[in-house]
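# Examining the three-dimensional arrangement
Residue strings, one per chain:
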Amino acid sequence: MQSILSESTHPMTTLIYTHAACFGHIPGPHHPESPERLQAVLQALKAPEFADLRWRDAPMGTFEQVRLIHTPQYVKRVESLSPQDGYRALDAGDTIMSPGTLEAVLRCVGAACAGVDAVLANEAANVFCATRPCGHHAEADRAMGFCVFNQAAIAALYARQVHGVRRVAVVDFDVHHGNGTQSAFFDDPDLFYGSCHQSPFFPGTGSRQESGVANNIVNIPLSAGCSSARFRSTMADEMLPALRRFAPDLLIISAGFDAHQLDPLGGLRFTDDDYHWITRELMDVAEETAQCGVVSILEGGYSLEGLASGTAAHVRALMG
Ligand SMILES: [Zn+2]
């Protein structure tokens, strides 16, 4: 009762979806996609400046939601490989399942879909899903790059299926190209995927020539060492105009923070101010074309310090 009352007094603030089960995905010692990442994010968002955030437990995603993107065979494989103890690899070794992984990835899916529900119902100004692992490398039929299910792509198709939203965009500022989201969206002119990412770099996709069936894919490859100024000018000159032309009815952000200057895996040098800036720019487009808030979903980020401060800058922007 108390939470309902407190929600009604702040009906239009930023809503955070998270779940303790996301700590239960344990890919092994020395794996960069560690539970400590989520700890760093949650700790940052407990600072006094974030006191107005509202928090909800992420519901369990359903296999029906997962199958909006992934093949039934792949979903069965993930279920059957889910270990009772120890580890099972879903690919050559990057993407590992522990006993808690299946619930963690279903919570990621549930958070993203519940975020869509909340934003489209105007229950929240916008949503940030503080969940792990990341999802944007997961393809229809395979795990890849720490990602099991592609929660951002699933949320886009969920918005269409359940809410009748027609045009959905995912913009991805993770340092890696989201090959999984791109391939899910490539042939559908009502789905837009825009990514800026380091190139050449894992996973090797994301050239400018990959432009989809109707220029609905926009890739901005950035060289290692790319400055804030270059990042902002290419986003302002290329990505944001393309996104405005597409005019999404819903905007989802694949918010990775591994392009942060402190990140040990990425070679870009984004600052906290860059994350604040791009978040505000994307919110402006959403307000103009979708008349609703954004759903932002945590992807990568492997410096605990950079992840915490980048996420804080992003959520500070979401809160206006
Ligand atoms: Zn990444």
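This one's a predicted model, so the numbers in the text were calculated from it and none came from an experiment.

## Topic: the side chain of Asn126
Relative to the helices and strands, Asn126 resides in strand 5 (residues 126-129). For Asn126, a relative accessible area of 3% translates into the label buried. A polar side-chain atom of Asn126 sits 2.9 Å from the main-chain carbonyl oxygen of Leu318. Apart from residues lying up to four places away in sequence, Asn126 is in contact with Thr13, Thr14, Leu15, Val119, Met283, Gly293, Val294 and Leu318.

## Description of helix 6 (residues 151-163)
Its 13 residues place the ends of helix 6 17 Å apart at the C-alpha level, agreeing with the 18 Å of an ideal helix rising 1.5 Å per residue. Within helix 6, burial applies to Gln151, Ala152, Ala153, Ile154, Ala155, Ala156, Leu157, Tyr158 and Ala159. Looking at the residues trailing helix 6, positive phi occurs at Gly164, about 70°.

## Concerning the environment of Asp249
One can find Asp249 in the loop between helix 8 (228-246) and strand 9 (250-255). Sequence-wise, Asp249 and Gly115 are 134 residues apart; in three dimensions their C-alpha atoms are separated by 15 Å.

## Quick look at the pattern of salt bridges
Once the charged atoms of two side chains with opposite charge are near each other, the side chains can pair. All chains considered together, the criterion is met by 11 salt bridges. The salt bridge involving Arg232 is made with Asp274; its shortest N-O contact spans 2.8 Å. Remark: Asp274 occurs in helix 9 (residues 272-289) and Arg232 occurs in helix 8; sequence separation between them is 42 residues. Overall, Arg232 belongs to the partly exposed group, its relative accessible area being 26%. Judged by its relative accessible area of 0%, Asp274 is buried.

## Structural notes on the confidence of the model for the chain
With 97% of its residues at a pLDDT of 70 or more, the chain has an overall mean of 96. Counted against residues more than four places away or in other chains, residues 1-10, with its pLDDT under 50, gives 4 contacts.

## Here we look at the coordination of the zinc ion
Here the zinc ion is held by the protein donor atoms Asp174 (OD), Asp174 (OD), His176 (ND1) and Asp258 (OD), which lie 2.0 to 2.8 Å from it. One can describe the donor arrangement at the zinc ion as irregular, given that its 4 donor atoms subtend angles of 52 to 153° at the metal. Going along the chain, you hit the donors of the zinc ion in the pattern D-x1-H-x81-D. Highlighted residues: Asp174 in the loop between strand 6 (168-172) and helix 7 (179-185) and Asp258 in the loop between strand 9 and helix 9, separated in sequence by 84 residues. The exposure class assigned to Asp174 is buried, which follows from its relative accessible area of 1%.

## Digging into the sheet that holds strand 10 (residues 295-298)
Taken in spatial order, the 8 strands of this open sheet run 2-1-5-10-9-6-7-8, and their pairing is parallel. With one partner strand each, in any of the chains shown, strand 2 (54-57) and strand 8 (217-222) form the two edges of the open sheet. Adjacent strand axes in the sheet meet at a mean angle of 15° when their direction is disregarded. Where strand 1 (residues 14-18) lies against strand 2, 4 bridges are found, and the strand directions are parallel. Following the sheet pairing, Thr18 is matched in strand 2 by Asp57. Where helix 10 (residues 304-318) meets the sheet, it contacts strand 1, strand 5, strand 9 and strand 10, and its direction lies at approximately 165° from that of strand 5.

## Quick notes on the environment of Gly310
The residue Gly310 is located in helix 10 in this model. What makes Gly310 buried here is its relative accessible area of 0%. On a C-alpha basis, the gap between Gly310 and Val148 in space is 24 Å, while along the polypeptide they are 162 residues apart. Filtering out sequence-adjacent residues up to four positions away, Gly310 remains in contact with Phe257, His260, Asp272 and Tyr275.

About the criteria used
Residues numbered from 1 in each chain as written. Predicted model: local features only at pLDDT ≥ 70, side-chain atom pairs only at ≥ 80, totals over all residues. Heavy atoms only, no water. Helix = DSSP H or I, 4+ residues; strand = E, 2+ residues; numbered from the N terminus. Buried < 20%, exposed > 50% of the residue type's maximum accessible area, 1.4 Å probe, protein only. Polar contact = N/O pair within 3.5 Å; in protein donor to acceptor, adjacent residues only side chain to side chain. Contact = heavy atoms within 4.5 Å. Expected span 1.5 Å × (residues − 1). Salt bridge = Lys/Arg side-chain N within 4 Å of Asp/Glu carboxyl O. pLDDT = per-residue confidence, 0-100. Donors = N, O, S within 2.8 Å, 3.2 Å for Na, K, Ca; no water. Tetrahedral: all angles 85-135°; square planar, octahedral: opposite > 155°, others 65-115°. Pairing = 2+ DSSP bridges. Axes fitted to C-alpha atoms, helices over the stretch in contact; angles between N-to-C directions.

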